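Chains, contacts and geometry: an overview
In case you want the letters, here they are:
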Amino acid sequence: MKREKRHEPDLALHIEDLTVAYEGKPVLWDIDVNIPPGVMAAVIGPNGAGKSTLIKTVLGLVKPTAGHICIHGYPPRQALKRVAYVPQRSSVDWDFPTTVVDVVMMGRYGHLGWFRWPGRRERRRAMDALSAVGMEAFAKRQINQLSGGQQQRVFLARAMVQDADVLFLDEPMAGVDATTEKAVVALLQELRDQGKTIIVVHHDLQTVRDYFDWLVILNVRVVAQGPIPEVYTGENLRKAYGGRIALLDPDSSGETPDAVPREVVN
Amino acid sequence: MLELLGNHTVQTVTLGAVLLGMVSGLLGSFAVLRQQSLLGDTLAHAALPGVCIGFLIAGTRHLGWIMAGALVTAVIAALFVQVVTRYSRIKMDAGLGAALSVSFAVGVVLLTYIQGHASASQGGLDSFLFGQAAATRPSDLWFMGGVTLAAMALVALMWKQLKLVTFDPLFAGSIGLRVGVLETLLTAMIALAVVVGLQMVGVVLMTAMVIAPPVAARQWVSRLEHMVFLAMLMGVISGVVGVLLSAGVAHLATGPVVVLVASALVALSLLLAPGRGVLWSWLKLWREQRSIGQRQMLVTLHKLAEHHEDPYYPVERSMLDSFYGVATSHILRRLQARGFVVPASHMRQEGPHWALTDAGHNEARQELERMDWNQAEV
Amino acid sequence: MQAFLNDPMAMILLTGALVATSGALLGTFLVLQRQSMLSDAISHSIVFGIVVVWLLTHAQSGPLQIAGAALTGVLTVFLTEMVARTRRVKRDAAIGLVFPALFAAGVLLLNLYARDIHIDSHTVLLGEIGFVWLDTMPLAGLEIPQAVVWMTVATLVNLGFVLACYKELKLASFDWQLAAALGLAPTLMFYLLLGLTSVTAVAAFDAVGAVLFIAFVIVPPATAYLLTDRLSLMLLLAVLVGVASTLCGYPLAVRLDVSIGGTMASMTGVFLVLAFVLSPRYGVLGHWLNRRVKYSG
C-alpha cells in the first residue's frame, strides 16, 4: 500500500486555497478553513454563499477547480470511513419503498464489502442507533409515514452507525419541530463530547451561540472563522450578510448581537 | 385458449413476452424510482437509428447487429441528455425531448436511406417501429433470455449499491460509491431492456412496458425487493395475457394489447391497492368527515344544553341546519342509531326537535376532553 | 402566383417553415415551463383522437379532425394531471403511463375497424413532406396545397395567441403562483397552450409526422434558450432556428435521397449542438474560455 505523508494531522478538517466553480461562476473562492477535532462547528452565510457546496466538495461529491482538502490529515477519498454525511432531507424521495431500519442500515454499506449483504449485526447496530434517537418504535415503518422531524432523526441515526470521526450535516434543523431540534442538538453535543467533530450548515443565526462552539462565516470567501466568542461579532456578520442584517439587540453595541437576516424580520 | 399454447408461434411469442416482462419490470423499477421514467421513452426512440445502422453493417436483418446498434445509439442519446443537462441551462425535460425527437429523425433518415439504397431484404425493419411480436424467432429467445439473466445477476450482485444510488445518491457518493458509474450502468441496462422489447412491442409502446409494471407494483408493496419482484410478475402477466388475447381473440397487434393490459393493471392498482389505493383513501376521508360531523354535533348539542341548564334541551333541526350550513338530518339519524340523541317534542311543535341522551352527554364530554388534550399537546 | 404554388420545392420549404414557426412559438413556453415532454405525449396520443374522429365521421382532415385533436391533447394532459394528483405516481411516470395507453388504444381501433384507410400509424408518426404539393384545394381562385393552408391557419392562430396572451404566458412560465394570485389564469393558459399544440400537431402530421413535429417544438426553443435571456428574443431566435433547419435540411435530403422531414428535424439537432458548444454566454466553450481567463489571471 502506498504510504502518504499526512498533512496537518492535528486538524479534523483542513482546507487550503479551495476554489469551486459552477458553470464558470465561482461558488467558493480561494478559501482556507481549519477546524480542530472535538468541536461543534456551524457554517453560516447568506443564500448562495457556498455552504452546501463546501460540504459537498469536502466529501468529494463536487470536484474543486483548485485547492486541497485534508480530513484528519488524509485526502477525502482515503478518509471515507472517517466521515458521515447527512444530506438535506429534501434531497431524497420519501415515498421510496423502504423501511426506517433499512435506511439506517445504509449507514453500514460503506463498511461492507462490495457484494456482501447487510446481516443481523448491521440490523442490531441500526436498532441501537434508532433507540438513541428515540425512533425504535418506528423501525418497521414505511418511510413515507414519517414527519419531517422523524425523517431528520432517521438520517441522524444513519450517520451514527457509520462510526465516523467527523459528521457533516446539511441544514439539519430546516423544517423540523422544536422538540426534534432540541433532541438533535443534544445528540450532536453528546457525540461531540465523545470526541467527534460535528460540522453543520446552519441557517438560523439566532441559535448559533446556543448550539455551537466554533463558527465559520462564509460568503464565497471565508469572512471569519474560529471560536464563537471571537467570531460571532456584528462586524463579521455585517460583512457576510451586507445590509441585509438587522441587529435586534442595541445594548450589545455590535459585539455579540442577536442578529437576524432582514428577510426574516420583514 | 389453451389449444393456442400448442401453436409454435404462440409458444415462442409467449415465452418472449415472459422474458420481456421480467427484464422490463426489473429495470423499470429503478428507472421509475429514480424519477427517470421518460428516459425509457427517449431510449426507445433513440434505438431506431441504431437499428438501421446495425442493419447497414450486417447487410441483413441480423438480430445481434441490430440490437448492438440500437444499444449503442440509445446509450449515446442518454449520455447526450446527461451532458447537456449538466453542462448547460437546458433542463431534463427539454434534454430528453430533444434527444428523443432528433435521434428519431435521424432514424427516419436512415430508414429512408436503406429503403432507397440497400437491397430489397430490408423487410421487417419497420417492425421495430411498431413491434411485430409474431416475427419473434426461437433464436431470438436465447438472446432475450441471456439479457434477462444477465440483468438479474447484475441487480442481485449489486443490490445494495443500486438501492442506495436510487434512494440517496448524495449519501451514496459520500461513502465512496461511484455514483456516475452506477447511474450510467443503470441507464445502459434500461437501454438493454428497451432494445430487447423493441421488436415485440415497438418503439412507442416500449415506454409503457418500462413504466407501467413498476408503478402498478409500487401500489401494493412498500419494500424495494418486493416491488422489483412484483413488477417482474406484473410485466409477465401483461405480456402473457396480452399475447394470448391478441392471438386468440381477433388477431390484433400484440404490442398495443400488451400495453393496454399493463395500463389496466396500473389503473386497478391505483384504485384498489390496500392502504395506498385511491378508493381506500376516499373511504377513509369519507369516514373521517362523517365522524367529525357527528362529533361536532354532539358537542354543539351538549353546549346548548349546558347553556340552557337543561340536559334534555330540545333543539330544532332547522336551527342546526342553518348553523352548520348543510342538512343535518343524516348526521342526527346516525347519532340516533348509536343511541346518543333522541327525537324530542317541544311545546310549540314547529318542526322536528332533537335532544341528547345521557350517553350522548358522556360522549360529548369525552370529545371535549380529547380536544383539550390535543391542544395541550401542541 | 399559381406558378409559385405549383412549384414542389417552394411548397415543401413553405410548409417546413410554417411547421417550424408554429412549433417554435408554442415550444418556447413549453420548454420554459419544463413541460416539453407533454408535446411528446400529445403527438403520440393524437393517434387516438384521429382514429376516433375518423370512425365517427369519416373525416380525415378539416375542422372536425382539428377539434378532435385539440380534445385529445387536452384529455391527455388532463389524465396525466389526474394520475399525478393522486400523488401515488410521480409526474414523469404519469406522462409515460397515459400517452402509450391512448396510443395503444388508437392503434387497436385502427387495427379493428380501419385496416383499409390511409391514416395508418406510419403516416401519423412519420409523415411525408415531399408529397404536400400533390394534395391541393381551391381557395380564392388558386389551387393551394392543403398542408400549406392548414399550416398557415395554425401558424396565424398560434401567433395571435402568443401576441394576445404574451404577458399571461410570460408570467405563467416564470412564476405560476404569482400568475394565479394575480388572476392571470395560468391553468387556462396551460391548457390553451397544449390544446393549440395538439391542433398544430394534427395540422403538421401530414407534412412531417407526429414525432418529427416534436423536434420542431422542443429543439429550436432549447437552442434559443442557450443564446438569450430575453423571452421576446428567445421566441424570435427559436423561429429562426426552426426555419433555418428546414432550409438547410431540404437540399441535404434531396442530395442524399432520404426523408425530407427527417432531415429537416435532424438539422434542428445540429443547431442545438452548435449552440451548446459555441454560445457565448451558455455554451461549454465559452465557459471553458472564461475559466481559463479567470484562473490564469
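Notes on the structure follow. Keep in mind that what you see is a predicted model, and the values were worked out from it rather than measured. (Residues numbered from 1 in each chain as written. Chains lettered and ligands numbered in written order. Predicted model: local features only at pLDDT ≥ 70, side-chain atom pairs only at ≥ 80, totals over all residues. Heavy atoms only, no water.)

1. Details of the overall build of chain C
Helix and strand counts for chain C come out as 14 helices and two strands. With respect to the three principal axes, the spread of C-alpha positions in chain C is 70 × 50 × 35 Å. With 297 residues in all, chain C has 60% of them scored as buried. Long-range pairs, those at least 24 residues apart, make up 71% of the contacts in chain C with a sequence separation of at least 6. (Helix = DSSP H or I, 4+ residues; strand = E, 2+ residues; numbered from the N terminus. Buried < 20%, exposed > 50% of the residue type's maximum accessible area, 1.4 Å probe, protein only. Contact = heavy atoms within 4.5 Å.)

2. Some remarks on the overall build of chain A
The helix and strand inventory of chain A stands at nine helices and eleven strands. Counting only residues that meet the buried cut, chain A has 54% of its 266 residues in that class. Of all intrachain contacts in chain A linking residues separated by at least 6 positions in sequence, the fraction that spans at least 24 positions is 67%. For chain A, the accessible surface area stands at approximately 11,800 Å², while carbon and sulfur atoms represent 48% of it. (Areas by Shrake-Rupley, 256 points an atom, 1.4 Å probe, with all protein chains shown as cover.)

3. Some words on the sheet that holds strand E1 (residues 13–22) of chain A
Adjacent strands of a sheet pair through backbone hydrogen bonds, lying either parallel or antiparallel. Residues and elements named next belong to chain A. Read across the sheet, three strands follow the order E2-E1-E4 without closing on themselves; strand pairing throughout is antiparallel. On the outer flanks of this sheet lie strand E2 (25–35) and strand E4 (66–71), each paired with one strand and no other. Across the sheet, the mean angle from the axis of one strand to that of its neighbour is 25 degrees, orientation sign disregarded. Pairing of E1 with E4, which is carried by five bridges, proceeds in the antiparallel orientation. Considered in E4, the bridge of Ile15 is made with Ile69. Packed on one face of the sheet, helix H1 (residues 51–58) meets E1, E2 and E4 and runs near 115 degrees to E1. (Pairing = 2+ DSSP bridges. Axes fitted to C-alpha atoms, helices over the stretch in contact; angles between N-to-C directions.)

4. Focus on the side chain of Thr180 of chain A
Residue and element names in this part refer to chain A. Within the secondary structure, Thr180 sits in helix H5 (residues 178–193). By relative accessible area, Thr180 is classed as buried at 2%. Here the side chain of Thr180 touches Asp177 through a polar contact of 2.8 Å, side chain to side chain. For Thr180, the residues in contact, after removing those within four places along its chain, are Gly149 and Arg153. (Polar contact = N/O pair within 3.5 Å; in protein donor to acceptor, adjacent residues only side chain to side chain.)

5. Looking at helix H7 (residues 159–167) of chain B
Of all nine residues in H7 of chain B, nine are buried, a share of seventy percent or more. Within the sequence span of H7 of chain B, burial applies to Trp159, Lys160, Gln161, Leu162, Lys163, Leu164, Val165, Thr166 and Phe167 of chain B.

6. Notes on the interface of chain B and chain C
Interface extent is often summarised as the accessible area lost during association of the parts. Counting residues at the interface gives 57 residues for chain B and 60 residues for chain C. Between chain B and chain C, roughly 4,600 Å² of surface is buried when both sides are summed, and carbon and sulfur atoms account for 76% of that area. The tally of links between chain B and chain C comes to one salt bridge. The salt bridge partner of Arg89 of chain B is Asp229 of chain C, with a shortest N-O separation of 3.1 Å. For the interface between chain B and chain C, the tally reads 15 residue pairs in polar contact (both at pLDDT 80 or more). Those elements giving two or more residues to the side of chain B that touches chain C turn out to be helix H2 (37–58), helix H3 (63–87), helix H4 (92–117), helix H5 (127–130), helix H9 (179–220), helix H11 (254–272) and helix H12 (278–307) of chain B. Here the element with the most residues in the side of chain B that touches chain C is H4 of chain B; it accounts for 16 residues. Counted by class, the side of chain B that touches chain C contains 35 nonpolar, 16 polar and six charged residues. (Buried area = accessible area lost by both parts, 1.4 Å probe. Salt bridge = Lys/Arg side-chain N within 4 Å of Asp/Glu carboxyl O. Nonpolar A, V, L, I, M, F, W, Y, C, P; charged D, E, K, R; others polar.)

7. Quick word on the pattern of salt bridges
Inspection of the entire model under this criterion finds 16 salt bridges over all chains. In this structure, Asp102 of chain A and Lys163 of chain B form a salt bridge, with 2.3 Å as the shortest nitrogen-oxygen distance. Of this pair, Asp102 of chain A sits in helix H2 (residues 100–105) while Lys163 of chain B sits in helix H7, placing the two residues on different chains. A salt bridge links Glu225 of chain B to Arg223 of chain B; the shortest N-O distance between them is 3.2 Å. The exposure class assigned to Arg223 of chain B is partly exposed, which follows from its relative accessible area of 24%. A cluster of three or more residues bridged by salt bridges with shared partners is formed by Asp102 of chain A together with Lys163, Arg223 and Glu225 of chain B.

8. Some remarks on the pairing of strand E8 (residues 214–219) of chain A
All names here are of chain A. For E8, the buried fraction is high: five of the six residues fall into the buried class. Of the pairings in the sheet, the one linking strand E3 (residues 40–44) to E8 comprises four bridges and is parallel in character. If you follow Ala41 over to E8, its bridge partner there is Trp214. Relative to strand E9 (residues 221–227), E8 runs antiparallel, the two sharing six bridges. What sits directly across from Trp214, in E9, is Pro227. Counting the residues in the hairpin turn of E8 and E9 gives one residue, including Val220, whose phi is positive at 65 degrees.

9. Thoughts on the nonpolar core
Ranked by internal contacts, the top residues of the largest apolar core, which has 250 residues, are Ile44, Leu130, Leu188 and Leu215 of chain A, Leu27 of chain B together with Phe161 of chain C. If near-sequence neighbours (up to four positions away) are discounted, Leu188 of chain A is found in contact with Met40, Leu156, Leu169, Ile198 and Val200 of chain A. The next biggest cluster of nonpolar side chains, apart from the first, holds 29 residues, and it includes Val58, Tyr85, Phe168 and Trp214 of chain A. (Core = buried A, V, L, I, M, F, W, Y, C linked by side-chain atoms within 4.5 Å.)

10. Brief notes about the packing of aromatic side chains
Across all of its chains, the model carries eight aromatic pairs over all chains by this definition. Ring geometry for Trp117 of chain A against Trp159 of chain B: centres 6.2 Å apart, planes inclined by 10 degrees, an arrangement best described as stacked. Placement of the pair is Trp117 of chain A in the loop between H2 and helix H3 (120–132) and Trp159 of chain B in helix H7, with the two residues belonging to separate chains. Relative to Tyr191 of chain C, the ring of Phe190 of chain C lies with its centre 5.7 Å away and its plane at 75 degrees, an arrangement referred to as edge-to-face. On the basis of relative accessible area, Phe190 of chain C is assigned to the buried category, the value being 4%. By way of ring pairs, the aromatic residues Trp94, Phe96 and Phe155 of chain A together with Phe167 of chain B are connected into one cluster. Its guanidinium or amino end placed over the ring of Tyr225 of chain C, Arg89 of chain B lies 4.1 Å from that ring's centre, counting from NZ or CZ. (Phe/Tyr/Trp six-rings, centres within 6.5 Å; stacked < 30°, edge-to-face > 60°. Lys NZ or Arg CZ within 6 Å of the ring centre and 35° of its normal.)

11. Here we look at the pairing of strand E2 (residues 142–145) of chain C
Where strand E1 (residues 136–139) of chain C meets E2 of chain C, four bridges bridge the pair, whose relative direction is antiparallel. Along E2 of chain C, the bridge assignment pairs Met137 of chain C with Ile144 of chain C.

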